[in-house]
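Results of the structural survey
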Amino acid sequence: MSILPILIAPNPILRRKATLVSVVDNSIRELLKDMEETMIAENGIGLAAPQIGISKQILIMDVPTNISVDGEEIEGLEAYPNFFKMINPKISWASEQIATCQEGCLSVPGQFAPIKRPEKVRVKYLNENGESCETEFSHLQAACVQHEMDHLDGKLFVDYLSSIKRDMFIRKAQKIAQNR
Ligand code: NI
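Residues numbered from 1 in each chain as written. Predicted model: local features only at pLDDT ≥ 70, side-chain atom pairs only at ≥ 80, totals over all residues. Heavy atoms only, no water.

Now for the overall build of the chain. The helix and strand tally for the chain stands at 3 helices and 7 strands. Going residue by residue from the N terminus, the α and β elements of the chain occur as α-β-β-β-β-β-β-β-α-α. At 16 Å, the chain has a C-alpha radius of gyration in line with the 16 Å of a compact globule built from 180 residues. Overall size of the chain, expressed as C-alpha extent along the three principal axes, is 40 × 35 × 25 Å. Each of the 180 residues in the chain was classed as buried or not, and the buried ones make up 44%. If you sum the accessible surface of the chain, you get close to 9,500 Å²; carbon and sulfur atoms cover 50% of it. When the 20 basic and 24 acidic side-chain charges of the chain are each reduced to a single mean position, those positions are 10 Å apart. (Helix = DSSP H or I, 4+ residues; strand = E, 2+ residues; numbered from the N terminus. Rg over C-alpha atoms; globule rule 2.2 N^0.38 Å. Buried < 20%, exposed > 50% of the residue type's maximum accessible area, 1.4 Å probe, protein only. Areas by Shrake-Rupley, 256 points an atom, 1.4 Å probe, with all protein chains shown as cover. Lys, Arg positive; Asp, Glu negative; His and termini not counted. Charge placed at Lys NZ, Arg CZ, Asp CG, Glu CD.)

Below, the discussion takes up the packing of aromatic side chains. Following the criterion strictly, the structure yields 2 aromatic pairs and no others. Taking 4.9 Å as the distance between ring centres and 85 degrees as the angle between the ring planes, the aromatic pair formed by Phe84 and Phe137 counts as edge-to-face. Residue Phe84 is located in strand 3 (residues 83-94), and its partner Phe137 is located in strand 7 (residues 132-137); the two are separated by 53 residues in the primary sequence. Each member of the pair Phe84 and Phe137 is classed as buried. (Phe/Tyr/Trp six-rings, centres within 6.5 Å; stacked < 30°, edge-to-face > 60°.)

Covered by surrounding structure in strand 4 (residues 98-105) are Ala99, Cys101, Glu103 and Cys105 only, the residues Ile98, Thr100, Gln102 and Gly104 on the alternate face being uncovered. Pairing of strand 4 with strand 5 (residues 108-118) involves 7 bridges; the strand directions are antiparallel. Bridging across to strand 5, Glu103 finds its partner in Ala113. (Pairing = 2+ DSSP bridges.)

Here we come to the environment of Asp25. By the element assignment, Asp25 lies in the segment before helix 1 (26-41). Along the sequence, Asp25 and Glu128 sit 103 residues apart, while their C-alpha atoms lie 8.4 Å from each other.

Each α-helix turn comprises 3.6 residues. Residues three or four places apart therefore point the same way. Under the 1.5 Å per step criterion, the end-to-end length of helix 3 (residues 163-178) is 22 Å for 16 residues, consistent within 8% with the ideal 22 Å. Listed in full, the buried residues belonging to helix 3 are Phe169, Ile170 and Ala173. Buried residues of helix 3, seen end-on, are gathered within an arc of 95 degrees and therefore sit on one face of the element. The exposed set on the far side of helix 3, more than 90 degrees from its buried face, consists of Ile164, Arg171, Lys175 and Gln178. Against the buried residues of helix 3 lie strand 5. (Expected span 1.5 Å × (residues − 1). Arc of directions from axis to C-beta. Contact = heavy atoms within 4.5 Å.)

For the bond running from Ala9 to Pro10, omega is 5 degrees, close enough to zero to count as cis. Structurally, Pro10 can be placed in the segment before helix 1. Non-glycine residue Asn43 carries a positive phi angle of around 60 degrees. The residue Asn43 is located in the loop between helix 1 and strand 1 (46-48) in this model. Positive phi is not limited to glycine here, since His139 has a value of about 55 degrees. Along the chain, His139 falls in helix 2 (residues 139-152).

Only one face of strand 6 (residues 121-126) is buried: it carries Val121, Val123 and Tyr125, and the other face, with Arg122, Lys124 and Leu126, is open. Looking at chain direction, strand 3 and strand 6 are connected through 5 bridges and run antiparallel. Each bridged residue has a counterpart across the sheet, and for Ala94 the counterpart in strand 6 is Val121. Taken together, the 6 bridges between strand 6 and strand 7 define a ladder with antiparallel strand orientation. Paired with Arg122 across the two strands is Glu136, which belongs to strand 7.

That is the geometry; function is a separate question.
Set out below in structure tokens:
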């Protein structure tokens, strides 16, 4: 396993549409392990493959299920699994209800903004064994999975902001990344 460098906006790889994975083999499982190690090292709650320069439809996330979008604890949800590894994810259903969540991104370090998205989504994907799965997400998990899926479309959370704010966030993020 290895910790990989994270691409910082406006790196053009972050703007590419990621390609579908045709076979879930050992090289994909190796990549998932590297992504896991990288995400943990960077204290992230989600990571998409394009963020480490691999333009493939792969994401991982590890979000506490008992935290609502506004950061409050919800009792009784701790038993649900937190760690997801998804290949070729697709949204099969989204709630009409919208929720606002404070979002940040490892590719736009140090910047945060409230972003509106469907409150609940169902996602179809392949797991690391290549099996078809469908999972419903709500609360912070729903915001995170939609944020990570945006990465696979070449989209960043700053794209939901005004162009002035987006450019400012990217400039500030670059400065933070350069001074590390
Ligand atoms: Ni991100």
